[in-house]
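An overview of the molecular structure
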Amino acid sequence: MTVTTERKTVPVTVLTGYLGSGKTTLLNRILTDEHGQKIAVIMNEFGAVGIDNQLVIDVDEEIFEMNNGCICCTVRGDLIRIISNLMKRRDKFDHLIIETTGLADPAPVIQTFFVDDEVRTQVRLDAVITVVDARHIWQHWGAEEAIEQIAFADVILLNKIDLVTEVELETLEQRIRGMNAIAKVFRTRNAQIETAMILGMNAFDLNNALQIDPDFLNETAHEHDETVGSLALIEAGELDGDKLNAWIGELLRDRGPDIFRMKGILNLAGEDCRFVFQGVHMLFDGCQDRPWKSDESRTNELVFIGRNLEQMNLADSFRACLVAQNAQV
Amino acid sequence: MASKTKDRDLLDLQWYTALSDYITAIVWSPDGTWFAVSSAAGEVVQYAANTKTVTVLQVAQGKSIDALAVSGDGVFLAAGGQAGAVLVWRLDGHIPTQIVALGHSHIWIDRLQWNPHHPELAYGFGRHVRVWSATQQSEIAELNFRSSSVLDLAWHPKGDRLSVSGNQNIKTWWRHAWEDTPVVQQLGGASEAIAWSPDGQYLASGNNDRSVMVWQDGNPFPWQMRGFPGKVRQLAWSDPRRSISTPLLASICGEGVVVWTKDRDPSIGWNAQVLDFHQRSVRAIAFQPQSLQLASVADDGWLCLWRKANRLTQLFEGAPTGFSCLAWQPSGKTLAAGGGQGEVLLWTQTTTGQGFG
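Just so it is clear, the structure is predicted and the values come from calculations on it, not from any experiment.

1. A word on the overall build of chain B
Counting its secondary structure elements, chain B contains 0 helices and 31 strands. Expected size for 357 residues packed as a compact globule is a radius of gyration near 21 Å; at 20 Å, chain B falls within 12% of this value. Based on the C-alpha atoms only, the size of chain B along its principal axes is roughly 60 × 55 × 35 Å. Long-range contacts, defined as pairs at least 24 residues apart, comprise 43% of the intrachain contacts of chain B with a sequence gap of at least 6.

What follows is the structure, encoded as structure tokens:
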């Protein structure tokens, strides 16, 4: 048998943001920053980016359906093709950035990295970064794309903060928190941020601890005037594996299109290790994590980001998966 | 080596060379006297089969060449790639001459094929297919696939029609009436690869929804083969044989090769056999001409020969980071394979009784 060396997958950052948010400024910054990484960029809008030594490729967005119109089974055909061509080169790059158009739906982009078996062996999704124009986002709340770009994000750059007051900024940040309780939020001017802060996040790595924004949990009353929001469940107790499986299965089947992302740490009955999971629409990925520490409280923590979560009765149906108290020995 | 194997069928490593990057394509001339190789660095090199005389048609450019094709008469070689250009060389003189460079914009060209009977080159260009005639030195048709970018294209063995695949369907245009509406075959997903059987009886499609579909010519209702663990990336038909009524269809998906045999009972359809050996993604498969022997190469660095497309009889190494492509000489006597670091290797049939001890 030949022992082939373990090939490393290349991390991919997806950069989204509504038109004029400062996305291109951020991209230029990343490309010119002295980080020593060789970066390839796939763009859907051919901008004025043209940097020596960096590979910039322009493609047209193409959505491929895999299962008769189910939104969870849509992928980006253009990305699949370009990535498999790009990965043939010997002078491979260290990081791939995909800049989407302001109107792109982030879901098919993200799903591409989980659904396509060939893409999955070559690259891995690092994080979704969304740039938000702090001044003009108010005009875009009606646009589904603008909302979904925030909801799917791992990192949100509140950009152009010099153009708004502190009070406006606070209100905006609260509103964004209500929509997405797991993203890291940075306030920037001119998209000024250190590249190291946003590349190499490993946001889709299951073993990366779930971080729910403490402010989100501490708030006593969330304002839910949006249809898109976050919901966190924190419950002590052990879970019945079979009940949990049935619950998640049913939830994703019936509500998958409305659940954008979910992440969690679970305490399964009879297991000494934590169980961690994440999902994008109907795609679900879970595995056993490290053992629970002796001084750690075995708490189940789940976060959902989606549309009309209130109507899903998540808290009660989740509690029904706990092992009944009197059954515990 | 297994004693049942006939010695005359065994292959031996004959020759080795290297280009500067991942080998993207290898093609043989129809008479088997030369072959051409392209790389991800943009090289296009022609080699004489006997003397191994090298003719560099294009040096490394930094932009990849992704597809090569030789015309049915062996006179023309075409190449396309990342630069968005299609290059055509005339190879029947003393020195190869580049006769055209069809320049385009930033659209990556990775699918091109000559009509088997006429010097007409079809190539995928975004959502379109262009057909260029070497005789007229001009474009003779532009076909709008519409549904998506062109993912694959295949001429019927008779050369009378061209099938084009992409998202949701396959469209087939007749050569005598390019402007007519194409025949459409619907799919649930996107067709990544299509292939006409050499007898022209069957059109097969490998799809991203983990299925293979096969249409018998003239029948609108396809067979559907499911159960693949991932998308089906390449297909290969065996040449017609007297011993079997329908050619075998080989398909690749992930690390697996699946060979389909049509059952005599029409109600059963096609039977699958999984050829299980490769540990990483299979990159290419090809039947030996006039034979049922199948060759497969994979990212795991192995080249496998499967006797009658079912029993593993020979294994070769030679590309430590994995093989990328392969091509049989039309006589079936020599097999060429390319590797991920620019390796080009040739294996030739050993003469009776020699080679293995």
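2. Points about the pattern of salt bridges
Per the stated rule, a full pass over the model turns up 28 salt bridges over all chains. A:Arg274 is the salt-bridge partner of A:Asp289, the closest N and O atoms lying 2.8 Å from each other. One end of the pair, A:Asp289, is in strand E13 (residues 283-291); the other, A:Arg274, is in strand E12 (residues 273-280), and 15 residues separate them in sequence. When sorted by exposure, A:Asp289 lands in the same class as A:Arg274, which is buried. Overlapping salt bridges, with partners in common, bring together A:Asp116, A:Glu118, B:Glu192, B:Lys231, B:Arg283 and B:Asp299 in one network.

3. Details of the packing of aromatic side chains
Here the distance between the centres and the angle between the planes together describe a pair of aromatic rings. Residue and element names in this part refer to chain B. Scanning the entire structure with this criterion turns up 21 aromatic pairs over all chains. With a centroid separation of 6.0 Å and an interplanar angle of 75°, the aromatic rings of Trp 155 and Trp 178 are classed as edge-to-face. Here Trp 155 is found in strand E14 (residues 152-155), whereas its partner Trp 178 is found in the loop between strand E16 (167-174) and strand E17 (183-196), with 23 residues between them in sequence. Residue classification places Trp 155 among the buried residues on the basis of a relative accessible area of 5%. Look at Trp 178 and you get buried, because its relative accessible area is 12%. Measuring from ring centre to ring centre gives 5.7 Å for Trp 223 and Trp 270, while their planes differ by 75°; the resulting arrangement is edge-to-face. Of this pair, Trp 223 sits in strand E20 (residues 223-225) while Trp 270 is found in strand E24 (residues 270-275), placing the two residues 47 residues apart along the sequence.

4. Notes on the layout of surface pockets
The calculated volume of the second largest pocket comes to roughly 560 Å³. In terms of lining residues, the second largest pocket is bounded by 30 residues, among which A:Asp58, A:Val59, B:His106, B:Ile107 and B:Trp108 are the most central. Taken together, the elements giving at least two residues each to the lining of the second largest pocket come down to strand E3 (55-58) and helix H2 (77-86) of chain A together with strand E11 (120-125) of chain B. Per element, the largest residue contribution to the lining of the second largest pocket is 5 residues, and it comes from H2(A).

5. So, the nonpolar core
Residue and element names in this part refer to chain A. One finds Leu 26, Ile 42, Leu 96, Phe 113 and Ile 198 to be the most contacted residues of the largest nonpolar core, which totals 85 residues. By residue number, the principal contributor to this core is strand E7 (residues 123-133), which donates 7 residues. Looking at which domains feed residues into this core, each of domain 1 (10-198) and domain 2 (214-323) supplies at least three. Core analysis: the second largest hydrophobic core is formed by 21 residues, Met 262, Phe 277, Leu 302 and Phe 318 among them.

6. Comments concerning the sheet that holds strand E6 (residues 95-99) of chain A
All names here are of chain A. In spatial order, the strands read E3-E2-E6-E1-E7-E8-E9; together these 7 strands make up an open sheet with parallel pairing. Sheet topology places E3 and strand E9 (184-187) at the edges, where each strand pairs with a single neighbour. In this sheet, adjacent strand axes meet at a mean angle of 20° when their direction is disregarded. Bridge count between strand E2 (residues 39-43) and E6: 5 bridges; the pairing is parallel. Bridging across to E6, Met 43 finds its partner in Glu 99. Against the sheet, helix H6 (residues 166-179) makes contact with E7, strand E8 (155-159) and E9, and its axis sits at roughly 165° relative to E9, the strand it touches most.

7. Regarding the interface of chain A and chain B
Frequently, the measure chosen for interface size is the accessible area that the parts lose on association. The interface of chain A with chain B comprises 32 residues on the first partner and 39 residues on the second. Both sides of the chain A and chain B interface together cover about 2,900 Å² of buried area, and 40% of this is carbon and sulfur. Put simply, chain A and chain B have 4 salt bridges between them. In this structure, A:Arg81 and B:Asp110 form a salt bridge, with 2.5 Å as the shortest nitrogen-oxygen distance. Summed over the shared surface of chain A and chain B, the result is 8 residue pairs in polar contact (both at pLDDT 80 or more). Broken down by element, the side of chain A that touches chain B gets its largest block of residues, 5 residues, from H2(A).

8. Section: empty space enclosed by the protein
Residues and elements named next belong to chain A. In total, this model carries 3 cavities of 30 Å³ or more according to the counting rule given. Here the largest cavity is characterised by a volume of approximately 100 Å³. Taken together, 14 residues form the lining of the largest cavity, with Asp 205, Leu 206, Asn 208, Lys 263 and Phe 277 sitting closest to its centre. Elements that contribute at least two residues to the lining of the largest cavity include exactly strand E11 (259-266) and E12. Broken down by element, the residue count for the lining of the largest cavity peaks at 4 residues, all from E12. Considering only residue class, the lining of the largest cavity consists of 8 nonpolar, 3 polar and 3 charged. Size it by volume and the second largest cavity reaches roughly 60 Å³. In terms of lining residues, the second largest cavity is bounded by Tyr 18, Leu 19, Ser 21, Thr 130, Val 131, Val 132, Asp 133, Ile 137, His 140, Ala 146, Gln 149 and Ile 150.

About the criteria used
Residues numbered from 1 in each chain as written. Chains lettered and ligands numbered in written order. Predicted model: local features only at pLDDT ≥ 70, side-chain atom pairs only at ≥ 80, totals over all residues. Heavy atoms only, no water. Helix = DSSP H or I, 4+ residues; strand = E, 2+ residues; numbered from the N terminus. Rg over C-alpha atoms; globule rule 2.2 N^0.38 Å. Contact = heavy atoms within 4.5 Å. Salt bridge = Lys/Arg side-chain N within 4 Å of Asp/Glu carboxyl O. Buried < 20%, exposed > 50% of the residue type's maximum accessible area, 1.4 Å probe, protein only. Phe/Tyr/Trp six-rings, centres within 6.5 Å; stacked < 30°, edge-to-face > 60°. 1 Å grid on protein atoms, 1.4 Å probe; cavity = no way out; pocket = protein on both sides within 12 Å on 5 of 7 lines; lining within 4 Å. Points joined across faces, edges and corners; volume = space filled by probe spheres on them. Core = buried A, V, L, I, M, F, W, Y, C linked by side-chain atoms within 4.5 Å. Domains from an automatic or database assignment. Pairing = 2+ DSSP bridges. Axes fitted to C-alpha atoms, helices over the stretch in contact; angles between N-to-C directions. Buried area = accessible area lost by both parts, 1.4 Å probe. Polar contact = N/O pair within 3.5 Å; in protein donor to acceptor, adjacent residues only side chain to side chain. Nonpolar A, V, L, I, M, F, W, Y, C, P; charged D, E, K, R; others polar.

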